[in-house]
Amino acid sequence: MILDRSVEARAQWHACRAKARCARGPRQVTGADIVRISRTLALEPWHFTETAPAIADDPTGIVLDKGRRRVFLKIANATNGCVFSIRTPSGARGCGLGDLAPVSCRIFPADTKDGAPAIRREPGCDCREWTLEDLDQEAVTEALRTWSADRDHWFEVVERWNALASESAEELGIEDFQRYLLEAESARETGAGWPEEATA
């Protein structure tokens, strides 16, 4: 979303993404991001995601194994960083997902916060001091609006799953959650009820 399309600016942009973001993977990922990638690449979500322990008050903390574990879901990392990170012939790293990348990646260096776009400072990034003038304000504002709606839906998906998992007699794992996520996202797109309401 950089406005300056000079070769030098684009080179700095990709170098900055490689150093500050792509090696670590997206900071924020939503269920909509995961489902979009899954459908487009025809991959089950568990083939490109991984879990990490979630803190108690994390609204994206997913309850598993009859409440014995609480995790959050993220794009998996490989030896050299995010599994979708690719190395170009010049040696720079970039995102292999392109427009499929999570919204938080596509708007970098803008911050994924509600309200007006702002630049997120990344430790270790010394290639250029990015400013709001470098960004397409309209595109970033629209992307943030999408991200905010996706995040709110993601919170509700996790909350509903946690209620179901807490009441289940089965030991439900992360693949069970991701199947629920796929159904919930399809229901959202078609205006249908939640998966548990359809089967109640």
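Check the entry above for the structure.
Each value, and the rule that gives it
- Residues numbered from 1 in each chain as written.
- Predicted model: local features only at pLDDT ≥ 70, side-chain atom pairs only at ≥ 80, totals over all residues.
- Heavy atoms only, no water.
- Helix = DSSP H or I, 4+ residues; strand = E, 2+ residues; numbered from the N terminus.
- Buried < 20%, exposed > 50% of the residue type's maximum accessible area, 1.4 Å probe, protein only.
- Contact = heavy atoms within 4.5 Å.
- Salt bridge = Lys/Arg side-chain N within 4 Å of Asp/Glu carboxyl O.

1. Overview of the overall build of the chain
A tally of regular secondary structure across the chain gives 6 helices and 7 strands. Counting from the amino terminus, helix and strand elements in the chain follow one another as α-α-β-β-β-β-β-β-β-α-α-α-α. Split into buried and exposed, the 200 residues of the chain put 45% on the buried side. Contacts in the chain between residues at least 24 apart in sequence constitute 64% of all its contacts with a sequence separation of at least 6.

2. A look at unusual backbone geometry
Note: most residues except glycine have negative phi, and most peptide bonds are trans. For Asp 65, which is not glycine, the phi torsion reads 50° and is therefore positive. Note that Asp 65 resides in the loop between strand S2 (62-64) and strand S3 (69-75). Judged by its relative accessible area of 17%, Asp 65 falls in the buried class.

3. Examining the pattern of salt bridges
The full count for this structure, using the stated rule, is 14 salt bridges. With a shortest N-O distance of 3.5 Å, Lys 74 and Glu 50 are connected by a salt bridge. Of the two residues, Lys 74 is situated in strand S3 and Glu 50 in strand S1 (residues 49-53); the sequence distance between them amounts to 24 residues. For Asp 176, the salt bridge identified is with Arg 179, shortest N-O distance 3.5 Å. Of the two residues, Asp 176 and Arg 179 both sit in helix H5 (residues 174-190), 3 residues apart, roughly one turn of that helix. Residue Asp 176 is classed as partly exposed on the basis of its relative accessible area, which comes to 29%.

Geometry only, nothing functional implied.
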